[in-house]
Amino acid sequence: MSNEADRYDPAAVEQKWQAHWAEQGTNCFTQEELRNAPDPLYNLMMFPYPSAEGLHIGNIYAFTGADVHGRYWRLRGRTVFEPIGFDAFGIHSENYALKVGVNPNDLIPRNVANFTRQLKRIGGMFDWNHVVDTTQPEYYRWTQWVFLKLYEGGLVERREAPVNWCPSCMTVLANEQVISGLCERCDAQVEQRLLPQWFFKITRYAGRLLDNIEQLDWSDVTRKAQVNWIGRSEGAEIDFPVQGDADGTRIRVFTTRPDTLFGATYMVLAPEHPLVDRITTAAQREAVAAYRDEVARRDLVERRKTDKTKTGVFTGGYCSNPVNGEPVPVWIADYVLMDYGTGAIMAVPGHDERDFEFAQQFGLPVIRVIAASGEHADTPLDAAYDGDGQLVNSGRFDGLSVSDGKRAITDWLAAEGVAEARVNYRLHDWCVSRQRYWGPPIPIVHCDACGAVPVKESDLPVLLPYLEDFKPDDSGISPLARARDWYETACPECGAAARRETDVSDTFLDSAWYFMRYPSTDRDDVALDPEITRRWLPVDCYIGGNEHAVLHLLYSRFVTMAMNDLGIIDFEEPFSRFRAHGLIINEGAKMSKSRGNVIVPDTIIEEFGADTLRLYLMFLGPYEQGGDYRGQGIQGPHGFLGRLWQAVQSVSDEPADADVERKLHQTIKQVTAQLPELQYNTAIAAMMEYLNVVRAAGRTARRAEIEPLLILLAPFAPHIAEELYQQLGNDQGLFASARWPDYDEDKTREDTVEVAVQVNGKVRGKVTVAADADESAVVAAALGNDNVARFIEAKAIRKQIYVPGRVLNLVVG
RNA sequence: GCCCGGGUGGCGAAACUGGUAGACGCGCCAGACUCAAAAUCUGGUUCUGGCAACAGAGUGUCGGUUCGAUUCCGACCCCGGGCACCA
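Treat the numbers as computed from the prediction; the structure is a model and nothing was measured. (Residues numbered from 1 in each chain as written. Chains lettered and ligands numbered in written order. Predicted model: local features only at pLDDT ≥ 70, side-chain atom pairs only at ≥ 80, totals over all residues. Heavy atoms only, no water.)

## Some words on the overall build of chain A
When you go through chain A residue by residue, the secondary structure sums to 28 helices and 34 strands. Across its three principal axes, chain A shows a C-alpha extent of roughly 100 × 90 × 50 Å. When each of the 813 residues of chain A is scored for burial, the buried share is 53%. Partitioning the contacts of chain A with sequence separation of at least 6, the portion at a separation of at least 24 is 72%. (Helix = DSSP H or I, 4+ residues; strand = E, 2+ residues; numbered from the N terminus. Buried < 20%, exposed > 50% of the residue type's maximum accessible area, 1.4 Å probe, protein only. Contact = heavy atoms within 4.5 Å.)

Okay, here's the thing in structure tokens:
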């Protein structure tokens, strides 16, 4: 039996093999190796933000799932590049630094060191020679370079824009960082401010970003989130002439419902619309000015609340409806947004819910122009109807369907020169300016003579100066303006005294291209080594949380597409395959610091070892759906590894038993099919089942039965797999020399099968027959079953259905 | 409101293209080993009835299609996530 020396000691095993892999450079590549790697597979996971708390169990879940995937393909013979890094710039880090009163320049390296220590303990096959830390000049130098390239490509623009301003963080937020009116980070109410900002023109790519989604091998949820975010809508822009305007001014609206044009009983402009002054009559001037002031004071978010009752003011002016010349009163209201479409709408209260509500509020007329079946032109409307039907009250277009009406009216107006078909997207340009300290300085110099001038590529990086006082204030100017020596510089163009741009760029820019940099980190003279980039990119498989389904993935796609267009790279989609992992919860409850139920990985690793933790996390539930971490549950995988260890201690050299061998081949088949699909929980169950068979009734495991199992298990529990593989007499190292076991289809087949026998659809007995038994033999066996016979009695069999090897249903009556 | 994802034993979960519901694991119960406990091992474990053989019920609810439905169709309820005045 076993003695103390034979006992499974995870700490010892894990230390031994981690040291071994590090010494051998098992998972690391040289530049030369990256250039020549055969059959490369780029296995990427979302790099973490190195918080002060250290690795979260959710990080470990994410990384382990990705690592299992990488290790699997490695054992299948691929050259797998699996890098890791740190997304360490940004408001997260800066706010934390402010809170604890430590400069981020000192704080972040400590966090990175701690993360590195923890990451090494979980046994991922990371290439520690190719780490990216976004806060290091060796990296952000090239982030600035990416900015300059997009700038040269005409994709960057500085413009004054109303922005979301968080009064607590004292910074501009992207729309995406405003969650139902509040700052996503501190929950403060967000306000509207007007500031000059740097924008990336992502909207230019809206169509392509949308169209490509179809061909991506991505999680369905993620693709849908992107589609919704881009928000394509098809319609028309239509000009409405302003009545009594000597210059023939027209107001252009965007609508997705040109078919309802005859029902447009008023128009609404966004309060900021440039034509408001022109159209407003003297009598209404005061009321309009007051309303515009009121709206301007409110933040962008409050304006977007739907439950709020509609407000607005009549301008006193009128336009003509281009289809019939009818006068249409022009209003302004804050439910129309300046930054979508043309900032003006034709209001059709009969068939648009919001317009209906507004019309009710202000007593404006409602006209029916669509009739559903059973309705006619005079059927009263007590709510907006936005369904299908036929056009009514629409002159010569009466009787057309909604879709035909759209086309017919658009075509006619287009021929008249007053409309054109048009597609709009909800996607906005990406504001990359941040009036903060902890980020890469935007590489621009402002010169009184030359304007905004890009820094010369050869002068990169624009180093982030060490600032003792990095706290932002509410001036809207970055703390960097206080670093005089840094701020005052010479114009790259004319050499005159000039000032540096003091905004830093959004963290999302750091993460929008980090995956391109990983394989090229050996080069400090270029951002991307062309040969290596061609070999390794795009990323073969990317795994991460679905909280980044929209922003990070969309920005990465945009930057990739732009760099492709600029001739820097030769692919336009960064991630061929993307899978979103689920969330880990704790005993049915979400984990959070405030609840005090956060699972600390270090203590679990100390008690059970990284292999057990990895195996347990992957066993909890379907990887793409997440799982419920229950403290007791870890005993399952823990016991499994212990039994495997014991089985190896007393392994025999006899050949594999035939029944066990069949089970082995079935197991190899299942695990091989499930690992690339990330179906980890069921693959692990299959291995457990197999070990139960190997050890059944106290039998001694045989070497030929165990060795293949070690390889199947190695992606999940790499340390113990290596150790036991070595104990079986292999001295080359499992990951260095083993290859994934093959299965033989013939050997997976059973000789006999159990067939369920149903009578009128209910199982009444089971019969065991030869696997190749024909239907008549199965029926004969079934009729020989006492219980089946009891239910058939003397009744005639009217019908029999036989599903080979599964079920026989006898219908009697 | 709209768009996703999900409701299966005491618990986490399985179930191929419509074919034996509950694999695997936790927990629990019983037994072995032990002075005892832990660890380990063996057996049992959907619910109800029955000593058992077996019978009845059962995959959120109601209805439908089918020889047969967790799986397909229709209506609805609940939980989780995302978007939200985008014309």
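## Remarks on the packing of helix α3 (residues 57-75) against helix α19 (residues 610-619)
Running from N to C, α3 and α19 cross one another at 90°; their axes reach a closest spacing of 10 Å. Between α3 and α19, the angle falls in the class roughly perpendicular. Contacts from I57, I60, Y61, T64, G65, D67, V68 and R71 in α3 reach L613, R614, L617 and M618 in α19. In terms of residue class, the contact of α3 with α19 is made up of 7 nonpolar, 2 polar and 3 charged. (Axes fitted to C-alpha atoms, helices over the stretch in contact; angles between N-to-C directions. Parallel < 35°, antiparallel > 145°, perpendicular 65-115°, else oblique. Nonpolar A, V, L, I, M, F, W, Y, C, P; charged D, E, K, R; others polar.)

## Examining the pattern of salt bridges
Within the structure shown, the criterion is met by 55 salt bridges. Here R557 makes a salt bridge to E573, at a shortest N to O gap of 2.8 Å. Here R557 is found in helix α17 (residues 551-565), whereas its partner E573 is found in the loop between α17 and β28 (577-581), with 16 residues between them in sequence. Grouping residues by exposure puts R557 and E573 together as buried. (Salt bridge = Lys/Arg side-chain N within 4 Å of Asp/Glu carboxyl O.)

## Describing the nonpolar core
Residues W430, F558, L617, Y629, I706 and F716 are the most contacted members of the largest nonpolar core, which totals 169 residues. With 46 residues, the next largest nonpolar core counts L269, V295, F314 and L391 among its residues. (Core = buried A, V, L, I, M, F, W, Y, C linked by side-chain atoms within 4.5 Å.)

## Digging into the confidence of the model for chain A
Confidence in the prediction for chain A averages 90 pLDDT; 96% of positions are at 70 or higher. At the low end of the mean pLDDT range in chain A sits strand β7 (residues 178-179), at 64; at the high end sits helix α15 (residues 514-517), at 98. The ipTM, which scores confidence in the relative placement of chains, is 0.95 for this predicted complex, and the corresponding pTM is 0.92. (pLDDT = per-residue confidence, 0-100.)

## What to know about the sheet that holds strand β32 (residues 762-770)
Spatial ordering of the open sheet is given by β32-β31-β34-β33, a layout of 4 strands whose pairing is mixed. Of all the strands in the sheet, just β32 and β33 (797-803) have a single pairing partner and so form its edges. If you compare each strand with its neighbour and ignore which way they point, the axes differ by 20° on average. Where β33 and strand β34 (residues 807-812) come together, 6 bridges link them in antiparallel fashion. Each bridged residue has a counterpart across the sheet, and for V803 the counterpart in β34 is V807. Against the sheet, helix α27 (residues 775-783) contacts β31 (752-759), β32, β33 and β34, and its axis sits at roughly 115° relative to β33. (Pairing = 2+ DSSP bridges.)

## What about the packing of aromatic side chains?
The final tally for this structure, using the stated rule, is 45 aromatic pairs. Where F29 meets W536, the ring centres are 6.2 Å apart and the plane angle is 50°; that geometry is what we call tilted. Of this pair, F29 sits in the loop between α1 (10-24) and α2 (31-36) while W536 is found in helix α16 (residues 530-536), placing the two residues 507 residues apart along the sequence. Just as F29 is buried, W536 falls in that class too. Here W142 and W145 contribute two aromatic rings whose centre-to-centre distance is 6.0 Å and whose plane-to-plane angle is 80°, an arrangement assigned as edge-to-face. Placement of both W142 and W145 in helix α6 (residues 137-152) is noted, with a separation of 3 residues, approximately one turn of the helix. In this pair, the class of W142 matches that of W145, namely buried. (Phe/Tyr/Trp six-rings, centres within 6.5 Å; stacked < 30°, edge-to-face > 60°.)

## Topic: the environment of Q360
When you line up the elements, Q360 lands in helix α11 (residues 353-362). Q360 sits in the exposed class, given a relative accessible area of 53%. Taking the C-alpha atoms as reference points, Q360 and K310, 50 residues apart in sequence, are found 9.6 Å from one another.

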